[in-house]
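# Breakdown of the fold
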2 protein chains.
Amino acid sequence: MAKLQKSIDKKNALIKATIELVNNNGFHATPMSKIAKMANVSPATIYLYFENKQDLVNQTYIEVKAAYTKYAFATYNKNMSIEDGFKLIWKRIADFKLKECENAMFLAQCDNTPMIDEPSRKEGIKHLQPLLDLWSRGKNEGVIKPLSDYLLYAYSINPLSFLMITQKRGDFQLNKTHLEEAYQSAWNSIKVHS
Amino acid sequence: MAKLQKSIDKKNALIKATIELVNNNGFHATPMSKIAKMANVSPATIYLYFENKQDLVNQTYIEVKAAYTKYAFATYNKNMSIEDGFKLIWKRIADFKLKECENAMFLAQCDNTPMIDEPSRKEGIKHLQPLLDLWSRGKNEGVIKPLSDYLLYAYSINPLSFLMITQKRGDFQLNKTHLEEAYQSAWNSIKVHS
DNA sequence: TAAAAAAGAATGAACATTCATTTTTTTATA
DNA sequence: TATAAAAAAATGAATGTTCATTCTTTTTTA
């Protein structure tokens with residue numbers, strides 16, 4: 001196997017281990033030694049790929065955030081109508097949060113704690129730009145309510161995070177009907193009613 | 001001062017310090033020694049009031065959750081109409097999350113991490129019962145959509161958590177109009193449209 | 001003056017990070 | 001192509017620090 005590929009594999013194994021262990025135990029209760037063990041690597045090796053523990057978790061966050069938004073926007077293009085575009089993105093986000101639950105849980109934990117440093121958090125936010133652009137276009141066309149992006153996000157996207165967590169905890173089992181319902185609620189909250 | 005009162009004061013000081021330090025640094029980065037210092041107490045004294053660090057954070061969680069729901073339901077009574085009752089509770093929750101931001105941040109962090117142990121989390125959920133009862137009544141009367149409580153919560157209450165966090169981070173400044181708007185969005189998402 | 005509460009210092013374990021070696025890979029040479 | 005020297009990557013063990021918790025002594029309260 002090529003040298004580069006092997007490096008990438010090792011880095012990915014470390015990132016994967018970090019996600020799983022931090023999800024289950026929290027940042028404070030996952031020692032580097034355990035991350036190393038789960039990735040089949042010596043603790044010292046981690047420091048060939050990452051500066052320190054903080055850097056490891058920052059990079060993991062950015063990596064996962066990038067994968068998340070890549071998935072969310074994969075089939076979207078700017079020529080779609082506002083409604084179609086939003087529906088597509090919303091459903092892809094829902095998909096990701098439910099299928100790639102481990103990753104989504106990790107993001108939720110990062111977004112609600114001081115685990116990640118501020119620059120990395122800022123970096124992560126940038127990835128959401130296409131959705132903000134869609135909203136901006138929608139507002140101009142009078143299709144989307146003229147509200148702050150934060151409000152639009154709170155009404156339409158954020159509820160998915162809560163559902164994902166309850167789902168993961170086994171409190172509640174989401175099905176297709178729920179999801180369709182949730183989408184309608186989201187769209188209804190942000191669209192201009194004619 | 002009476003002995004009992006003094007004990008309570010000390011315990012409260014410890015809880016307050018825990019909230020502030022955990023909010024700013026996360027559970028993993030707040031040593032008992034710092035909590036003790038902030039509460040003007042010896043580290044050893046913490047162990048007169050709490051079994052260990054986990055117990056301290058569990059109790060803090062339950063305490064804050066209780067204060068939160070006490071505030072939320074303070075002026076509510078079961079004879080109100082569904083709509084009035086919901087409006088009242090929603091607005092009190094919003095109030096709490098924005099005014100008692102430190103406390104709300106702490107709850108958000110607990111609810112999105114494995115910081116708290118499962119029994120304490122379960123204990124915390126119980127406090128929300130009056131809202132669930134209101135919804136149950138509303139569903140019976142055909143005023144509230146016949147959806148799982150988790151969905152109702154996701155649509156109507158959860159967006160407030162996100163807004164509180166962006167507010168706290170200084171990303172976005174909520175005003176009265178936003179709040180009224182947000183309430184309408186919440187009610188619209190859960191009420192039966194006639 | 002006895003009991004309870006609190007304190008500060010001590011203890012020992014856990015952990016992030018580094019160090020000295022070893023193993024693997026690459027490069028240069030025949 | 002085969003071999004050996006050099007470089008790079010990886011390792012396990014060591015280091016020094018931090019921290020939760022406990023122990024012994026002192027202070028406060030009854």
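### Focus: the environment of aspartate 55 of chain A
By the secondary structure assignment, aspartate 55 of chain A is in helix α4 (residues 53-73). In this structure the C-alpha to C-alpha distance between aspartate 55 of chain A and serine 120 of chain A, which are 65 residues apart in sequence, comes to 9.5 Å.

### Brief notes about the layout of surface pockets
All names here are of chain B. If you add up the space inside the second largest pocket, you get close to 290 Å³. Every residue lining the second largest pocket is listed: Asn12, Ile15, Lys16, Ile19, Glu20, Glu63, Val64, Ala67, Glu100, Glu102 and Asn103. The set of elements that each furnish at least two residues to the lining of the second largest pocket consists of α1 (3-25), α4 (53-73) and α6 (101-111). Broken down by element, the residue count for the lining of the second largest pocket peaks at 5 residues, all from α1. Looking at the lining of the second largest pocket residue by residue, the class counts come to 4 nonpolar, 2 polar and 5 charged.

### Here's the deal with helix α11 (residues 176-190) of chain A
All names here are of chain A. Taking 1.5 Å of rise per residue, the 15 residues of α11 would be expected to cover 21 Å, and the 22 Å separating its terminal C-alpha atoms lies within 8% of that figure. Among the residues of α11, His178, Ala182, Tyr183, Ser185, Ala186, Trp187, Ser189 and Ile190 are the ones counted as buried. The N-capping residue of α11, defined by a side-chain oxygen 3.0 Å from the backbone nitrogen of threonine 177, is asparagine 175.

### A closer look at the nonpolar core
Residues Phe86 of chain A together with Phe86 of chain B are the most contacted members of the largest nonpolar core, which totals 112 residues. Apart from the residues lying within four places of it in its own chain, the contact partners of phenylalanine 86 of chain B are Leu131, Leu134, Trp135, Ser156, Ile157, Tyr183, Ala186, Trp187 and Ile190 of chain B.

### Structural notes on the packing of α4 of chain A against helix α7 (residues 118-126) of chain A
Residues and elements named next belong to chain A. Viewed as axis vectors pointing N to C, α4 and α7 meet at an angle of 5°, and their least axial separation amounts to 9 Å. One element, α4, and the other, α7, form an angle in the roughly parallel class. Here Asn58, Tyr61, Ile62 and Lys65 of α4 come into contact with α7, specifically with Ser120, Arg121, Glu123 and Gly124. In terms of residue class, the contact of α4 with α7 is made up of 2 nonpolar, 3 polar and 3 charged.

### So, the protein's contact with DNA strand C
Around DNA strand C sit 17 residues, and of these Met32, Tyr47 and Lys53 of chain A together with Ala44 and Thr45 of chain B come closest. For DNA strand C, a phosphate oxygen lies 2.6 Å from a polar atom in the backbone of methionine 32 of chain A. Those elements that provide at least two residues to the surface near DNA strand C are α1 (3-25) and α3 (43-49) of chain A together with α1 and α3 (43-49) of chain B. Broken down by element, the surface near DNA strand C gets its largest block of residues, 4 residues, from α3 of chain B.

### Here's the deal with the domain arrangement of chain A
All names here are of chain A. The assigned domain composition of chain A is domain 1 (1-50) and domain 2 (52-190). Domain 1 and domain 2 are separated by 26 Å when their C-alpha centres are compared. Counting the surface lost from both domain 1 and domain 2, the interface buries some 1,500 Å², and carbon and sulfur atoms represent 66% of this. There are 0 salt bridges connecting domain 1 and domain 2. Where domain 1 meets domain 2, there are 7 residue pairs in polar contact (both at pLDDT 80 or more). Looking at the side of domain 1 that touches domain 2, the elements with two or more residues in it are α1, α2 (32-38) and α3. By residue number, the principal contributor to the side of domain 1 that touches domain 2 is α1, which donates 8 residues.

### Re empty space enclosed by the protein
Per the stated rule, a full pass over the model turns up 5 cavities of 30 Å³ or more. Estimates place the volume of the largest cavity at around 120 Å³. Lining the largest cavity are 14 residues; nearest its centre among them are His28 and Thr113 of chain A together with Phe27, His28 and Gln109 of chain B. Of the pockets and cavities examined, the second largest cavity occupies roughly 50 Å³. As for the second largest cavity, its lining consists of Trp90, Tyr155, Ser156, Pro159, Leu160, Leu163, Ala182, Ser185 and Ala186 of chain A together with Tyr155 of chain B. Counting only elements with at least two residues in the lining of the second largest cavity, the list comes to α9 (149-156), α10 (158-169) and α11 of chain A. A class-by-class count of the residues in the lining of the second largest cavity yields 8 nonpolar, 2 polar and no charged.

### Some points on the interface of chain B and chain A
Accessible area lost when the parts come together is the quantity often used to give the size of an interface. At the interface, 37 residues of chain B touch 37 residues of chain A. Carbon and sulfur atoms supply 65% of the area that chain B and chain A bury against each other, a total of about 3,200 Å² over both sides. Contact with chain A buries surface across chain B, with Asn112, Tyr150 and Phe162 of chain B losing the most and accounting together for 19% of the total. Applying the counting criterion to the chain B and chain A interface returns 2 salt bridges. Of the charged contacts, one joins lysine 145 of chain A and glutamate 181 of chain B as a salt bridge, the two residues approaching to 4.0 Å between their closest N and O atoms. Broken down by secondary-structure element, the contributors of at least two residues to the side of chain B that touches chain A are α1, α6, α9 (149-156), α10 (158-169) and α11 (176-190) of chain B.

About the thresholds
- Residues numbered from 1 in each chain as written.
- Chains lettered and ligands numbered in written order.
- Predicted model: local features only at pLDDT ≥ 70, side-chain atom pairs only at ≥ 80, totals over all residues.
- Heavy atoms only, no water.
- Helix = DSSP H or I, 4+ residues; strand = E, 2+ residues; numbered from the N terminus.
- 1 Å grid on protein atoms, 1.4 Å probe; cavity = no way out; pocket = protein on both sides within 12 Å on 5 of 7 lines; lining within 4 Å.
- Points joined across faces, edges and corners; volume = space filled by probe spheres on them.
- Nonpolar A, V, L, I, M, F, W, Y, C, P; charged D, E, K, R; others polar.
- Expected span 1.5 Å × (residues − 1).
- Buried < 20%, exposed > 50% of the residue type's maximum accessible area, 1.4 Å probe, protein only.
- Polar contact = N/O pair within 3.5 Å; in protein donor to acceptor, adjacent residues only side chain to side chain.
- Core = buried A, V, L, I, M, F, W, Y, C linked by side-chain atoms within 4.5 Å.
- Contact = heavy atoms within 4.5 Å.
- Axes fitted to C-alpha atoms, helices over the stretch in contact; angles between N-to-C directions.
- Parallel < 35°, antiparallel > 145°, perpendicular 65-115°, else oblique.
- Near = heavy atom within 4 Å.
- Domains from an automatic or database assignment.
- Buried area = accessible area lost by both parts, 1.4 Å probe.
- Salt bridge = Lys/Arg side-chain N within 4 Å of Asp/Glu carboxyl O.

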